[in-house]
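# Report on the structure
So the chains spell out like this:
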Amino acid sequence: TTTRLIVQTVTVKDKDGKVIEGLTAQDFSVTEDGQPQDIAFVEFQRMGGQTPAQTPATVNAQAPAPAAAAPQPAQAPPATQVERATATAIAAPPPGDIRYQDRRLLVFYFDGAAMSPPDQIRAYTNALKYIDTQMTPSDLIAIMAFQEGAVSVKSDFTDNKAALREVIQILIYGDDQNNDGIADHPEGTAFGQNDAEFNIFNTDRQLAALQTAVAMLRPLPEQKTLMYFASGLRLNGADNQAQLRATVNAAIRANVTLNPIDARGLVATPPLGDASRASPGGMGMFTGKLAEAAVSNFQRSQDTLYSLAKDTGGKAMLDYNDLSLGIVQAAQAVSDYYIVGYYSTHTDADRKFRRVRITLKGGKVGELAYRQGYYADKAFGRFNDADKERQLEEALMLDDPVTDITIAMEVNYFQLNRAEYFVPVHVKIPGSELALARRRGAQRTLLDFIGEVKDNYGITIQNVRDKLDIPISDKTASELTARPIQYETGFTLLPGQYVIKFLARDAEAGRLGTYETSFTIPNLNREEVRL
């Protein structure tokens, strides 16, 4: 069976603009494409505290002690523990845990791939300004960054101003405070954003990284507000539309509003360009075409930011130097709201738009604000190449592995020299797993493999992406029922503790299988007894 839980955040206000409280599931009516839906739960979130006035940074230099009744976010596990290969450092509360009840969840996401050093400094300093002078008691802030092709979580949700301030300072100056310039943190994280082989175009990489950050927030049912600091984001015609739609859909399903903030501020570019480039030549400088093209390119880079905000219910801050104002506006937009959840009766993977309508029953009157719908999933048979790669990447990030295909794995190690070890990996899949493709009349099928090796700090050390062409003619079909399919690969690693996660997919039917295990490579040079 297939079930899909749809979570909507609904703001209900009266004619005076005040939030109506005390509503239950019996007071709401939900329809999807005109069909009534059964409401599973309704929960009210009360946002306490207003944005304080501008005060000197010294007033809040000392982080205030949290209130006794305020729940605290769970701490990330120690770095020496190896829990799973795709640890994200965003702690998902267990079922029934209400640690984020009545809290405003804000995420600062810095797109280092799209910001110049001056823009990065402007974004970091304005984030510090909000933390020091404008943060409210109900705010919980998480910090993420996209640097060196990887999305990393710098801080989980917390209201500790001192800890947040320290994270921002590290982003500016690096771990070594004597270092000059913007810090580099090539940390590994979710597979797919740290190798150009899988994300050829830069815009697709930026959008895919944003989708990765959104996916980390999906386990939290509350409304999340993500501040996307970037120096514009320009689409290349229709080439990036698939990834843009995937990112927007991921944000809608994860209950995340994207609030892009243009880190360039108010730009006044000279008609023929600034001093960072050589003067142009040709007739275009006399006819005005060069100046027109420059303005057009700048506006197109802002159009994408506006689309991300509009499609997810957020606000875009463009052409304004006080970037902290964009954070304040996005935070103030999150008022008291209801979380309404229902299990959709439309489970077809037709990629069609599901229009959602929420009303009040019993003659109650109120102004409701909510998302008007979402796009359904797409069947595997309709996937294009980009969709297929994205499916593998998303499956690799799942905490609960997909086990449609049975996989067995063996990992060994052999010493190459005094420092390095060769780690052969053998994967076996029962040939009977390809019976479905054979029944459909296929003469051959492809097995897609994707995997990664992470160390005990969660950093990706090695990864693999490969395919295996399997003939399933009449002659080999009978053999496949009794013989397994074997795939071999290998890595060169240093001594240490690692986690390997490996996925296999039947390219004909789209079924996935996952194998994840931890292993240790000892340092044989320290062994006192040798063979």
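Below is a summary of the structure that appears in this document. Residue indices follow the written sequence of each chain, beginning from 1 at its first position. Local features in this predicted model are restricted to residues of pLDDT 70 or higher, and side-chain atom pairs are both shown and tallied only at a pLDDT of 80 or more, whereas totals for entire chains, interfaces and linings draw on every residue. To get the side-chain values, all heavy atoms of the structure are used, and hydrogens and water are removed first.

### A look at the overall build of the protein chain
Helices and strands together make up the secondary structure of the protein chain, namely 10 helices and 21 strands. Pairs at least 24 apart in sequence give 75% of the contacts found in the protein chain among residues at least 6 apart. For the protein chain, the accessible area works out to roughly 26000 Å², and carbon and sulfur atoms hold 50% of it. Numbering of helices and strands runs from the N terminus; a helix is a DSSP stretch of H or I covering at least four residues, while a strand is a stretch of E covering at least two. Contacts: residue pairs with any heavy atoms within 4.5 Å of one another. Computed by Shrake-Rupley with a 1.4 Å probe, the accessible areas treat only the displayed protein chains as cover when residues are assessed.

### A few points about unusual backbone geometry
Even without glycine at this site, Asn-255 takes up a positive phi of about 60°. Topologically, Asn-255 is positioned in the loop between helix 4 (241-253) and strand 9 (256-262). Think of it in three bands: residues with accessible area under 20% of the maximum for their type are buried, residues over 50% are exposed, and the middle band is partly exposed, with areas taken using a 1.4 Å probe on protein chains only. Take Asn-255: its relative accessible area is 2%, and that puts it in the buried class. With a phi close to 55°, Asp-319 is a non-glycine residue in the positive phi region. Here Asp-319 is to be found in the loop between helix 6 (289-312) and helix 7 (323-332). Owing to a relative accessible area of 34%, Asp-319 belongs among the partly exposed residues under this scheme.

### Regarding the packing of aromatic side chains
Classification of ring pairs uses Phe, Tyr and Trp, with its six-membered ring standing for Trp, and accepts pairs whose centres are within 6.5 Å; under 30 degrees between planes counts as stacked, over 60 as edge-to-face, and the remaining range as tilted. Applying the stated rule across the entire model yields 12 aromatic pairs. When the ring of Phe-449 is compared with that of Tyr-487, the centres are 4.3 Å apart and the planes differ by 15°; the resulting orientation is stacked. Within this pair, whereas Phe-449 is found in strand 17 (residues 444-455), its partner Tyr-487 is found in strand 19 (residues 484-493), the two being separated by 38 residues in sequence. You'll find Phe-449 and Tyr-487 in the same group, each marked buried. Among the aromatic side chains, those forming a connected cluster through ring pairs are Phe-108, Phe-110, Tyr-124, Tyr-130 and Phe-229.

### Observations regarding the sheet that holds strand 5 (residues 104-111)
A pair of strands counts as paired when DSSP detects no fewer than two bridges linking them. Spatially, 7-6-5-8-9 is the arrangement adopted by the 5 strands of the open sheet, whose pairing is mixed. Two strands in the sheet have a free side with no partner beyond their single neighbour: strand 7 (150-158) and strand 9. For this sheet, the mean angle separating the axes of adjacent strands, direction not counted, is 20°. Lying over the sheet, helix 1 (residues 117-134) contacts strand 5, strand 6 (139-147) and strand 8 (224-230), oriented at roughly 165° with respect to strand 5. Fitted lines through C-alpha atoms serve as axes, helices being fitted only where they are in contact, and the angles separating the N-to-C directions of these axes extend from 0 to 180 degrees.

### What about the pairing of strand 20 (residues 496-506)?
The buried fraction of strand 20 is high, at 9 of 11 residues. Summarising the sheet, strand 17 and strand 20 pair through 9 bridges and their orientation is antiparallel. The partner of Ile-450 across the bridge, within strand 20, is Leu-503. When strand 20 meets strand 21 (residues 512-521), the two strands line up antiparallel, connected through 10 bridges. In the sheet register, Ile-500 faces strand 21, and the bridge partner there is Thr-517. The turn linking strand 20 back onto strand 21 is made up of 5 residues, and Gly-510 within it adopts a positive phi angle of 80°.

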